[in-house]
Amino acid sequence: SSGPDANIEDVEIPTNLPSDVGMDYIPLATMLATGQLAEADQFTRDALIVIAGSKDKGRDFVYFTEVKDIPSTDLATIERLWNKFSGGKFGYSVQKKKFRQSKFDFEVFCKKIGWTTTEGDVERKKRWFGASEFTYDVKKAPEGHLPLTSALRGTSLIKELLAHPVWDNDDWKKDP
């Protein structure tokens, strides 16, 4: 058989995936283990809405002020999965490093992680809508390319995510 599930039996899917809010991360682990990066990316954005408490407030997006309410346990679980199944190429901690290397300049950061594209001599942000312009391929995508965080409401959300205290040390790397 071919397709994303061809080697599913060869891939060990982690099951010890702690959450402080009862979130089930097995689907994310499965998507990442089987190379379903676009689905994993969407799952991650949807999970943030739940674990930040935004969903309970009837919203389908996270306010940047709610990022501090996201449990470190959950971000660490999400990060370990992205990190493991991308060989250390993807994840918020990787993005934080790239953002620091960009001297916290959002435009430079977007260029560095492949979130911009050039049409003729005009550079612009890649589009979210219609056919995705992002690269859901571990080999081809630049470091830090995924997961995507929408900047449609401004850059505060991603900046807060990258400033979350969970990234202040490497404890998130430790297996639970």
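All figures in this text were calculated on a predicted structure; none of them were measured in a lab.

1. Quick look at the pairing of strand β2 (residues 122-125)
- Pairing analysis gives 4 bridges linking strand β1 (residues 116-119) to β2, with the strands arranged antiparallel. By the bridge assignment for β2, Thr117 is matched with Arg124.
- Taking the residues between adjacent antiparallel strands as the criterion, β1 and β2 are bridged by 2 residues, where Gly120 takes a positive phi near 65 degrees.

2. Concerning the nonpolar core
- In terms of nonpolar packing, the biggest core is built from 44 residues, with Tyr25, Leu28, Trp82 and Phe109 touching the most fellow members.
- Elements supplying a minimum of two residues to this core: α1 (26-33), α2 (37-51), α3 (72-85), α4 (92-101), α5 (106-112) and α6 (156-162).
- The greatest single-element share of this core, amounting to 7 residues, is contributed by α2.
- Among all residues touching Trp82, those that are not within four sequence positions of it are Leu28, Leu32, Leu37, Ala40, Asp41, Thr44, Phe90, Gly91, Leu146 and Pro147.

3. Comments concerning the environment of Ser102
- Tracing the backbone shows Ser102 in the loop between α4 and α5.
- Along the chain, Ser102 and Lys112 lie 10 residues apart, while their C-alpha atoms are 7.8 Å from each other.
- Here the side chain of Ser102 touches Lys98 through a polar contact of 2.7 Å, landing on its backbone oxygen.

4. Overview of the packing of aromatic side chains
- As enumerated under the stated definition, the model contains 8 aromatic pairs in all.
- Ring geometry for Phe109 against Trp115: centres 5.8 Å apart, planes inclined by 70 degrees, an arrangement best described as edge-to-face. With respect to burial, Phe109 and Trp115 carry one shared label: buried.
- Judged by centre distance (6.0 Å) and plane angle (80 degrees), the rings of Trp167 and Trp172 are edge-to-face. Here Trp167 matches Trp172 in class, with each residue buried.
- Aromatic ring contacts, followed pair by pair, group Phe99, Phe104, Phe106, Phe109 and Trp115 into a single cluster.
- Taking NZ or CZ as reference, Arg59 lies 5.4 Å from the ring centre of Phe61, over its face.

Definitions and cut-offs
- Residues numbered from 1 in each chain as written.
- Predicted model: local features only at pLDDT ≥ 70, side-chain atom pairs only at ≥ 80, totals over all residues.
- Heavy atoms only, no water.
- Pairing = 2+ DSSP bridges.
- Helix = DSSP H or I, 4+ residues; strand = E, 2+ residues; numbered from the N terminus.
- Core = buried A, V, L, I, M, F, W, Y, C linked by side-chain atoms within 4.5 Å.
- Buried < 20%, exposed > 50% of the residue type's maximum accessible area, 1.4 Å probe, protein only.
- Contact = heavy atoms within 4.5 Å.
- Polar contact = N/O pair within 3.5 Å; in protein donor to acceptor, adjacent residues only side chain to side chain.
- Phe/Tyr/Trp six-rings, centres within 6.5 Å; stacked < 30°, edge-to-face > 60°.
- Lys NZ or Arg CZ within 6 Å of the ring centre and 35° of its normal.

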